[in-house]
Amino acid sequence: MKHLNIFGNLLCRLCLWLSAAALLASIGPFSNAQAATSPWQETLGGKMRLIAGGSKGAHYKAGLEIVLDEGWKTYWKIPGDSGIPPTLDGTRSVNVAKMEILWPVPSRIAVGGTYILGYKDAIIFPLLITPKDPTQSVTLDLNTQIGLCSDLCVPLSADISLQIPPGGDRDLVTEMLIDRDLALAPTAASEAFGITNIKHQERDGQPDKLTIATKIPDGYGTKDLFVEGPENWFLPLSKPLLNEDGGLQVFELILDGLPKGGQSKGIKLTFTLTNGEEAVEQSIILEK
């Protein structure tokens, strides 16, 4: 049954892609003229812009859209072994009470003997915007920096602004594109899909080691674990140890990359566990 559910999810995402493409083909010039989009900001390797379309409850749906040239990649919020983590600073926005950034599940990508966490081709970082006054327009003003990587890595920095009318922009195609990658953002962990146990081992003269047992449902796609520490922590990527029957997957994480004098006891780590295009997020405070 789980296989059928995942296959159904993939079919839904394919239908969403095809529907958006069909709508673009049929109403493209008119839709592009009406959609809330900022001008493209371009550099070697790709380009980015802000888009908005639709609403989710009291929130307007927007996104930072990134399109990459062939052979180029960009980074997730945790870049991996090396790279430039994206920054999206919306503090100069007008009539915005809250801006929530959602991060679609990334992949491990081999680059020059190391691995980054990120994306190829194109990605949208969805944004949920809560207006202070829903009767007034919103000015979404982002100071943004992303890293683009191929044989070399370059930053793309820009101040991007976008006006969203009261009630949110109503462009259907743009909303479907945002929804496509919104569906890839992690959800809350559960007993059937999440961390089941963490063994914290101290080692003389070496960084501590975590052995992390997880429960991952049967399904198609890569099963992986990405771990985010506090600010100024630069943790290495986890290492898969084994995969047993019943969906038990065990990972190892070396607590290296802590700031000088940093202690792990009582620290909160955020775990993103993947099962192909499905992902869950879970925060746990380490106890020895």
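Structural data are supplied above this passage.
Residues numbered from 1 in each chain as written. Predicted model: local features only at pLDDT ≥ 70, side-chain atom pairs only at ≥ 80, totals over all residues. Heavy atoms only, no water.

S.K.: Provide a residue-level description of the overall build of the chain, including the pertinent values.
M.R.: Regarding its fold elements, the chain presents two helices and 20 strands. Looking at the chain residue by residue over its 288 residues, the buried ones come to 45%. Pairs at least 24 residues apart make up 68% of the contacts formed inside the chain by residues separated by at least 6 positions. Summed over its atoms, the accessible surface of the chain is roughly 14500 Å², and 52% of this surface lies on carbon and sulfur atoms. (Helix = DSSP H or I, 4+ residues; strand = E, 2+ residues; numbered from the N terminus. Buried < 20%, exposed > 50% of the residue type's maximum accessible area, 1.4 Å probe, protein only. Contact = heavy atoms within 4.5 Å. Areas by Shrake-Rupley, 256 points an atom, 1.4 Å probe, with all protein chains shown as cover.)

S.K.: Now, about the side chain of Lys61: what can you tell me, with residues and values included?
M.R.: Relative to the helices and strands, Lys61 resides in strand 4 (residues 59-68). By relative accessible area, which is 6% here, Lys61 ends up buried. A polar contact of 2.8 Å, which involves the side chain of Lys61, links it to the side chain of Glu175. Sequence-distant contacts of Lys61, defined by excluding residues within four places in its chain, comprise Ala52, Gly53, Gly54, Ser55, Lys56, Leu127, Leu128, Glu175, Ile178, Asp179 and Leu182. (Polar contact = N/O pair within 3.5 Å; in protein donor to acceptor, adjacent residues only side chain to side chain.)

S.K.: Tell me what's going on with the environment of Val67, and back it up with residues and numbers.
M.R.: You can see Val67 is positioned in strand 4. In this structure, the C-alpha to C-alpha distance between Val67 and Met48, residues 19 residues apart in sequence, is 6.3 Å.

S.K.: Lay out the sheet that holds strand 16 (residues 223-228) in plain terms, naming residues and giving numbers.
M.R.: Two strands in a sheet stick together by hydrogen bonds in their backbones, pointing the same way (parallel) or opposite ways (antiparallel). Strand order across the open sheet formed by four strands is 13-20-19-16, with mixed pairing between neighbours. Of all the strands in the sheet, just strand 13 (187-188) and strand 16 have a single pairing partner and so form its edges. With six bridges joining them, strand 16 and strand 19 (residues 268-275) adopt antiparallel strand pairing. Each bridged residue has a counterpart across the sheet, and for Phe226 the counterpart in strand 19 is Thr272. (Pairing = 2+ DSSP bridges.)

S.K.: Report on the nonpolar core, specifying residues and quantitative values.
M.R.: Side chains of a nonpolar character, in soluble globular proteins, are inclined to be buried together. Of all hydrophobic cores here, the largest spans 33 residues; its most connected members are Met48, Leu50, Leu64, Ile66, Leu127, Ile129 and Leu140. The biggest single contributor to this core is strand 12 (residues 153-164), with six residues. For Ile66, the contacting residues outside a window of four places in its chain are Lys47, Met48, Thr74, Asp121, Ala122, Ile123, Phe125 and Ile146. Ranked by size, the runner-up nonpolar core spans 18 residues in total, among them Leu210, Leu225, Leu253 and Phe271. (Core = buried A, V, L, I, M, F, W, Y, C linked by side-chain atoms within 4.5 Å.)

S.K.: Tell me what's going on with helix 2 (residues 172-182), and back it up with residues and numbers.
M.R.: One turn of an α-helix holds 3.6 residues; hence residues three or four places apart share an orientation. With nine of its 11 residues buried, helix 2 lies for the most part within the structure. Among the residues of helix 2, those classed as buried are Val173, Thr174, Glu175, Met176, Leu177, Ile178, Arg180, Asp181 and Leu182.

S.K.: So what's going on with the pattern of salt bridges? Residues and values would help.
M.R.: Counted under the stated rule, the structure contains 10 salt bridges. For Lys61, the salt bridge goes to Glu175, with nearest N and O atoms at 2.8 Å. Taken together, the residues Lys61 in strand 4 and Glu175 in helix 2 connect sequence positions 114 residues apart. Two residues, Lys61 and Asp179, come together in a salt bridge whose shortest N-O distance is 2.8 Å. Here the residue Lys61 occupies a position in strand 4, and Asp179 occupies one in helix 2, the gap between them amounting to 118 residues. Residue classification places Asp179 among the partly exposed residues on the basis of a relative accessible area of 24%. What emerges from the salt-bridge pattern is a single network uniting Lys61, Glu175 and Asp179. (Salt bridge = Lys/Arg side-chain N within 4 Å of Asp/Glu carboxyl O.)

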